[in-house]
Amino acid sequence: MRKIIIIGESTLRIDFDGAAPRSSAPDGVLLNTAAALGSLGHPVSFVSEIADDHVGKILLRFLDDAGVDTHSVDTYTGGATQLKLAFADGTSSRYGSYHDSGFTVVWPRIDPDDILLFGGNYALDHRSRPRLFEIVKYARERRATVIYVPDFEASRVRNITHLMPAILESFEAADMAVTTPTDLQAIFNTTDAAAAFRDHISFYTDTLLDISPAGLSILTLPSAIPLPPLDPMAALTPMPSPDPVPPFDQPPFPNCSVDGGSRQSTLPPASAPVALLSALIPALLAPPE
């Protein structure tokens, strides 16, 4: 059976209303995509790190309840699970600490035609990147399909020049990439997916899927691996999610509608790529007709 391997950080986001916390939820495209696909019954292994603390137990329960294989989640002591505090003015702060022994996760088995997703901070940070790229390169050797998901944090824009070589190497290591206008603006200073693909991304990877409230842009080179039929509306269809895990609520995907042939959506930026990946990955897993 073909498998899905997702490598990403485990973070709990706490949203504030003024000085008071309002709600909390698992944060990050890769973490939430693992849970969404697991809840749909797909074989998903999540590769990450979680401290042996209360926040870590919340996130582990979130993944376990979704049916995600967490054998490659490294539970460590002597640190704190990642927290992201998000404020009403759009700013955020991160807290948490990893153990000193480095990115020591145990890799799951990778077979031909499996699907591997990677990205986020793990693909940029010096502590995790060397080991992460060992598995990404091995996945390519094993003829797995590799997908890069930048999920770029706005707080890192000030370091974009320093981070650009790692970002471009990540595009180059992937068969395709999934972005949002927020990613493209932060990395390439444009929200125009066609321009970003033409002027930058196409030199490194063959396929770009960019999801925004305006629609789904699929841009490919002739050398790209064929994509299965993918209804753009499917990418914005509310996806099943695991039951809420106290003390936080897992918000559902908002309703979407079509007006005059153009797709309209109120999906928040974090939910749109999760919905897209939750539609794309099962289509890639499906046997050819």
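Thresholds, definitions, all that
- Residues numbered from 1 in each chain as written.
- Predicted model: local features only at pLDDT ≥ 70, side-chain atom pairs only at ≥ 80, totals over all residues.
- Heavy atoms only, no water.
- Phe/Tyr/Trp six-rings, centres within 6.5 Å; stacked < 30°, edge-to-face > 60°.
- Lys NZ or Arg CZ within 6 Å of the ring centre and 35° of its normal.
- 1 Å grid on protein atoms, 1.4 Å probe; cavity = no way out; pocket = protein on both sides within 12 Å on 5 of 7 lines; lining within 4 Å.
- Points joined across faces, edges and corners; volume = space filled by probe spheres on them.
- Nonpolar A, V, L, I, M, F, W, Y, C, P; charged D, E, K, R; others polar.
- Pairing = 2+ DSSP bridges.
- Helix = DSSP H or I, 4+ residues; strand = E, 2+ residues; numbered from the N terminus.
- Axes fitted to C-alpha atoms, helices over the stretch in contact; angles between N-to-C directions.
- Polar contact = N/O pair within 3.5 Å; in protein donor to acceptor, adjacent residues only side chain to side chain.

Concerning the packing of aromatic side chains
- For the structure shown, the criterion picks out 9 aromatic pairs.
- One aromatic cluster is present, formed by Tyr76, Tyr98, Phe103, Trp107 and Tyr122 through successive ring pairs.
- When the ring centre of Tyr98 is taken as reference, the NZ or CZ atom of Arg127 above it lies at 4.1 Å.
- Positioned above the aromatic ring of Phe133 is the side chain of Arg129, whose terminal nitrogen or guanidinium carbon lies 4.0 Å from the ring centre.

A closer look at the layout of surface pockets
- Each pocket or cavity is described by its volume, and for the second largest pocket that value is around 210 Å³.
- Partitioning the lining of the second largest pocket into residue classes produces 7 nonpolar, 1 polar and 4 charged.

Brief notes about the sheet that holds strand S8 (residues 115-119)
- Read across the open sheet, the 8 strands follow the order S5-S4-S1-S8-S9-S10-S11-S12; overall the sheet is mixed. Whereas interior strands pair on both sides, the edge strands pair on one side only; in this sheet they are strand S5 (73-76) and strand S12 (215-220). Across this sheet, the average inter-strand angle for adjacent strands is 20°, counted without regard to direction.
- Bridge analysis of strand S11 (residues 207-212) against S12 gives 6 bridges, and the strand direction is antiparallel. Across the sheet, Asp210 pairs through a bridge with Ser217, a residue of S12.

Some points on the side chain of His99
- Mapped onto the secondary structure, His99 falls in the loop between strand S7 (92-97) and S8.
- Only 3.0 Å separates the side chain of His99 from the side chain of Asp74, close enough to count as a polar contact.

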